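Each chain, written out:
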Amino acid sequence: MDNQALRGLQHFKNYVGIKFQLYNSLFTSLPFHRIEKTGILLSLFLNNCEEGYNKKLSPTEIIEDFFAKHTTYKTQQEKTDILFRFIQFVERQVVLFDALEDAAFTQIHDTSGLGTLKQLELEVLQNNKKEALAKKLKDFCIRMVLTAHPTQFYPGSVLGIINDLSKSLAENNTAQINMYLQQLGKTPFFKKEKPSPYDEAVSLLWYLENVFYAAAGRIISFIKNQFPDAVNVNNPIINMGFWPGGDRDGNPFVTTEITLKVADALRGGIIKCYYQDIRRLRRRLTFTGVDVILLELEKQLYDNIFIPEQRTTLSKEDILASLNSIKEILIYQHNGLFLHLVNNLINKVHVFGLHFAALDIRQESSVHNTVIEQVAAAGKIFPLEYSTLSTERKIELISYNESVLSETKFQDELADDTVNTIKAVKLIQTYNGEAGCNRYIISQCKSALNVMEVYGLFVLCGWRKDEINIDIIPLFETIDDLQNAGNIIKTLYENNEYKRHLKRRNNRQTIMLGFSDGTKDGGYLMANWSIYKAKEQLTTISKEYNIDVIFFDGRGGPPARGGGKTHRFYASMGKNISNKEIQLTIQGQTVSSNFGTIDSAQFNIEQLIHAGISNELFSGRNITLLEEEEALLQELSNESLNAYNKLKNHPDFVDYLSNISPINFYSETNIGSRPAKRGGSNKSDLKNLRAIPFVGAWSQIKQNVTGFYGVGTAVQKLEKEGKFSKVKALYQNSLFFKTLTDNCEMAMKKCFFPLTEYLSKDEKYGEIWNMIYHEYLLTEKYLFQLSGKNELMADYPVEQLSISMREKIVLPLVTIQQFAICRIREIEREMENNPLKETYKKLVIRCSFGIINAGRNSA
């Protein structure tokens, strides 16, 4: 362990570990009914859990033993009451731990060290790379797209408390800390109703206004101050994207009305930020000549927020013109006094414009096909027999059509909404600027026709072909789709109409790749490798057609959904993969855990920027995998896929997940507006099940199958073939493979098999449980052999300790949840009409919040 890691670990112990013990004791003194007794009993219960699992007891046995040893409770009501109070107590312990980590962020992390912009500055100067940096920054940028995927288990009120509590903890303000803990005790964690898509948008807008706005300003100002000639005024380096209100894939609650309402909220949010900055500037810039311009700009911003008819009278260019006039006056008349404040605001305006974040539209491919077929059925634009024609003929008809739809109603609301949404994009661009809404994403894209259907819909909705300023983005997710992506893109590049469209879009094609569904479909190793290979193939094809390809990664929080050490993945991309931009989704939990404060957001954004720049400027992209390394990774992935398919195709696999995990209760947590299954199906099958509850369910039963399964079997197979030394060399030489295994270790560190060991001898589920546990042990064995270590995550001691402490905090919750799931199974098996079933169901759901929140990137 190096000195920096040792310092970080010691700081973590001092600022988080010890403080948690101190402030945790405050909970027991809070003036709430029976809270002292709850705290004491919870401590005894935690001890009972630890001892019980060491004795190989089941969750049910542990809880029954606890009630017998430590309580005098006789009735079921008394017992479930204390279990609910345990849940409430632990939920608040997790919040305290989160707030402590947020407060100590700058002490724990080296904000001038590896992967930061200060290190980048040092490397550029030492290696005389100023010109190379300027060339790279001419068109390189990162785009972080905030999504409304249901992985945020904290309600907005609790997120607000965490934010305020972390500030008070950083200042050691005990009186305020005590007050916020009291507020926490009174604040409910469970939402009685699902949020609307607009509610989700408002929640994420808070982060844009209070975190990303300031963090982006700091970063751009630093780069411009250190390398004034390197930043291209037309390339802001940081772009923000936004899905709530635009992502209608499988979410019937996202309508055109919601989309327009969210776009308006984004515009209002950024103008409000500018208004507040102008108000602050006026306190400093009290000089003659400047004050009048500032006052007029303040009035324009105010009118645009509060006077609806003034909305179209302000543009990004207007704001920049006023600020640049102020800048010139400061330079030539006032010795540049407070110039840095004006420059900082100018930088923010370049980044956020009047849109704040680009509102992406996303819809599933079959919806567009339905609309086109309904148009054809009307017999006016396409032939009546359209649905029976070949794919090639359909593409031809769509490509050369220039007719526009008349104002007609379709057979279903979804078709109407699809057409109305495409028309609404124009309106959004009028108010928010072109950057406010200029991307359309097609999920489950299976063919070139799926892309051309969207292009055709824009024409049908009244867009002239030469004015379609929209990037049409296919999304490839399953293993088969990823492997077929090259053929689809090649067909598009060879289509004359689409070729002309790309020319109008500066010969740039964005392609989205989904990690979550890929992992659900093919397992951890094959999903990640398939995406890597798809990127390589798509880069090669795009170069052949002189197209700049941009990859947009649909990443979630946990390693199984493309999360974990994300920046290291981007740093590991070799010269065979396009590196023009880094685009990725930031989902739910990841927003609050990695970007919850200005300091953490700045640090993590810098890591992404550094990753995208450094591997080209300083490594000569010599991190590119060699041919024999790729062959080895392909072998490992194939073997891993075989192992995963064997598990996934087990006749009891879906039944196991449905009855052992809380997956069937996911939709009742009310954390997101989108249904947990596609197409509103109630049937438990893998196809309809969304990736988020699939991954989240495994994490709650502490098995994390999607983050490691198949890795051990794959390495063992190659060892039997005498190739282990090659695998070890790959581990030592390839940052990509090392990052894969590091993330694998993170997923495994969050596993706890004693929780479900009672299933090992179960008649129905014993075989599956033993398959998973055996694979865990096998993977752990080979990871230790590869790393030379004897514990998981040994290279990341701070994260290792954080996970250990968090897992200990929620041990009572996973025990209670598994106990409740067992009771529900027993009731259903006995076909009883037992009123306690509803109580156990509530226990399961309530436990989910604390378990997922403690994991920080578990869903």
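None of these values were measured; they are calculated from a predicted model. (Residues numbered from 1 in each chain as written. Predicted model: local features only at pLDDT ≥ 70, side-chain atom pairs only at ≥ 80, totals over all residues. Heavy atoms only, no water.)

So, the environment of Gly 289
Then step 1. Within the element layout of this structure, Gly 289 appears in the loop between helix 11 (256–284) and helix 12 (290–306).
Then step 2. Spatially, the C-alpha atom of Gly 289 lies 57 Å from that of Gln 21, the residues being 268 residues apart in sequence. (Helix = DSSP H or I, 4+ residues; strand = E, 2+ residues; numbered from the N terminus.)

Let's talk about the pattern of salt bridges
Then step 1. Following the criterion strictly, the structure yields 51 salt bridges and no others.
Then step 2. Put simply, Glu 807 and Lys 702 hold a salt bridge, and the shortest N to O gap is 2.9 Å. Taken as a pair, Glu 807 in helix 33 (residues 797–809) and Lys 702 in the loop between helix 28 (691–700) and helix 29 (711–720) lie far apart in primary sequence, 105 residues in all. For the pair Glu 807 and Lys 702, a shared accessibility class is recorded, and that class is buried.
Then step 3. A salt bridge links Asp 795 to Lys 789; the shortest N-O distance between them is 3.0 Å.
Then step 4. On the basis of relative accessibility, which here comes to 38%, the residue Asp 795 falls in the partly exposed class.
Then step 5. Residue class for Lys 789 comes out partly exposed when judged on its relative accessible area of 33%.
Then step 6. Within the structure, one salt-bridge network assembled from shared partners comprises Arg 568, Lys 738, Asp 742, Lys 789 and Asp 795. (Salt bridge = Lys/Arg side-chain N within 4 Å of Asp/Glu carboxyl O. Buried < 20%, exposed > 50% of the residue type's maximum accessible area, 1.4 Å probe, protein only.)

A look at helix 31 (residues 735–749)
Then step 1. Taking 1.5 Å per residue as the helical rise, helix 31 with its 15 residues ought to reach 21 Å, and the 21 Å between its terminal C-alpha atoms agrees with that figure.
Then step 2. Across the 15 residues that make up helix 31, a large majority, 13, are buried. (Expected span 1.5 Å × (residues − 1).)

Observations concerning the packing of aromatic side chains
Then step 1. This structure, assessed with the given rule, holds 40 aromatic pairs.
Then step 2. The aromatic ring of Tyr 198 is capped on one face by Lys 261, whose charged end is 4.2 Å from the ring centroid.
Then step 3. One Lys or Arg, Arg 439, reaches over the ring of Phe 552 and ends 4.7 Å from the middle of that ring. (Phe/Tyr/Trp six-rings, centres within 6.5 Å; stacked < 30°, edge-to-face > 60°. Lys NZ or Arg CZ within 6 Å of the ring centre and 35° of its normal.)

A few points about the nonpolar core
Then step 1. The biggest cluster of nonpolar side chains holds 259 residues, and the ones touching the most others in it are Met 144, Leu 208, Ile 238, Phe 242, Tyr 274, Ile 605 and Ile 772.
Then step 2. Dropping the residues within four chain positions of it, Ile 772 is found in contact with Leu 647, Tyr 656, Trp 698, Gln 703, Val 705, Phe 708, Tyr 709 and Phe 753.
Then step 3. Grouped together as the second largest cluster of nonpolar side chains are seven residues, Val 145, Ile 441, Ile 473 and Leu 475 included. (Core = buried A, V, L, I, M, F, W, Y, C linked by side-chain atoms within 4.5 Å. Contact = heavy atoms within 4.5 Å.)

Brief notes about empty space enclosed by the protein
Then step 1. Considering all chains together, one arrives at 14 cavities of 30 Å³ or more under this definition.
Then step 2. Reported here for the second largest cavity is a volume of approximately 140 Å³.
Then step 3. Lining the second largest cavity are 15 residues, and of these Asp 102, Leu 159, Ile 162, Ser 592 and Arg 856 sit closest to its centre.
Then step 4. When residues of the lining of the second largest cavity are traced back to their parent elements, those giving at least two are helix 4 (76–103), helix 8 (156–170), helix 10 (197–226) and helix 24 (589–595). (1 Å grid on protein atoms, 1.4 Å probe; cavity = no way out; pocket = protein on both sides within 12 Å on 5 of 7 lines; lining within 4 Å. Points joined across faces, edges and corners; volume = space filled by probe spheres on them.)

Details of the packing of helix 3 (residues 59–70) against helix 34 (residues 811–829)
Then step 1. Taken N-terminus to C-terminus, the directions of helix 3 and helix 34 make an angle of 110°; their axes are 8 Å apart at the nearest point. By the angle between their directions, the pair helix 3 and helix 34 is classed as roughly perpendicular. Along its contact with helix 3, which presents Pro 59, Thr 60, Ile 62, Ile 63 and Glu 64, the element helix 34 presents Thr 815, Ile 816, Gln 818, Phe 819, Cys 822 and Arg 823.
Then step 2. Here the residues of the contact of helix 3 with helix 34 are counted per class, giving six nonpolar, three polar and two charged. (Axes fitted to C-alpha atoms, helices over the stretch in contact; angles between N-to-C directions. Parallel < 35°, antiparallel > 145°, perpendicular 65-115°, else oblique. Nonpolar A, V, L, I, M, F, W, Y, C, P; charged D, E, K, R; others polar.)

As far as function goes, none of this settles anything; it's purely spatial.
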